[in-house]
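Okay, here's what each chain looks like letter by letter:
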Amino acid sequence: MNIKLLCIGKTDDRNLDELIAIYTKRLKFYVNFDLEVIPDLKKTKNLSEDQQKEKEGELILSKLSAQDQLIVLDEKGKDLTSEKFADYLQKKMNSGIKTLVFVIGGPYGFSPEVYAKAQGKISLSKMTFSHQMIRLFMTEQVYRAFTILRNEPYHHR
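Parameters and conventions
Residues numbered from 1 in each chain as written. Predicted model: local features only at pLDDT ≥ 70, side-chain atom pairs only at ≥ 80, totals over all residues. Heavy atoms only, no water. Pairing = 2+ DSSP bridges. Helix = DSSP H or I, 4+ residues; strand = E, 2+ residues; numbered from the N terminus. Right-handed = clockwise from strand over helix to strand, strands pointing away. 1 Å grid on protein atoms, 1.4 Å probe; cavity = no way out; pocket = protein on both sides within 12 Å on 5 of 7 lines; lining within 4 Å. Points joined across faces, edges and corners; volume = space filled by probe spheres on them. Nonpolar A, V, L, I, M, F, W, Y, C, P; charged D, E, K, R; others polar. Phe/Tyr/Trp six-rings, centres within 6.5 Å; stacked < 30°, edge-to-face > 60°.

**Section: the pairing of strand β2 (residues 32-38)**
Working step 1: Here strand β1 (residues 2-8) pairs with β2 via seven bridges, running parallel. Bridged to C7 within β2 is V37.
Working step 2: You can see the chain leave β1, run along helix α1 (residues 14-27) and come back into β2, and the turn it takes is right-handed.

Given below as structure tokens:
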């Protein structure tokens, strides 16, 4: 199985980029993992929140193939512990999915079309974090999940 993390907009913090790169490199030992950044929309000053979500949604959906399984990271999504997330990934791998795509939306969330295409919603926390921080947290949690599945010492139970 391949795992892709789709994100809207670039990270402007070099420190976050370096940490994300560390976990991305570590993940290569377990799974084909790809973090893909969709560039920020230009000239959004005259767009409403719904129009911005719509345009970002079009860009997100254009990055998917028909067989990809899309999971949105959403504050109203399912809350999972790290162990439950590892189980979740194991079930996805066992189901024969070719590519599992997690997506981090823009500042206003997702368009109705993205929600309609999604096969699930996951919440990383009840707290709100910047979209840039979520990239790091999600990459680390995917790495943690694989260490849990392999019974490696990274995650202390």
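**Here's the deal with the layout of surface pockets**
Working step 1: Put simply, the largest pocket is a space of about 460 Å³.
Working step 2: Lining the largest pocket are 22 residues, and of these L73, D74, E75, F129 and H131 lie nearest its centre.
Working step 3: Elements supplying a minimum of two residues to the lining of the largest pocket: β3 (69-79), β5 (120-123) and α5 (131-149).
Working step 4: Looking at which element gives the most residues to the lining of the largest pocket, the answer is β3, with four residues.
Working step 5: In terms of residue class, the lining of the largest pocket is built from 11 nonpolar, seven polar and four charged.
Working step 6: Roughly 200 Å³ of internal volume is contained in the second largest pocket.
Working step 7: If you trace the second largest pocket, you find 14 residues lining it, with I8, G9, K10, D40 and P107 closest to the centre.
Working step 8: Contributions of two or more residues to the lining of the second largest pocket are made by α2 (49-62) and α5.
Working step 9: The leading source of residues in the lining of the second largest pocket is α5, at three residues.
Working step 10: By residue class, the composition of the lining of the second largest pocket is three nonpolar, seven polar and four charged.

**Considering the packing of aromatic side chains**
Working step 1: For the coordinates displayed, the defined rule picks out eight aromatic pairs.
Working step 2: For the ring pair F85 and F102, a centre distance of 5.9 Å and an interplane angle of 55° mean the geometry is tilted. Here F85, found in helix α3 (residues 82-94), pairs with F102, found in strand β4 (residues 99-104); they are 17 residues apart in sequence, far enough to count as distant.
Working step 3: Through successive ring pairs, a cluster of aromatic residues spans Y23, Y30, Y143, F146 and Y154.

So yeah, pure geometry; function would need other evidence.
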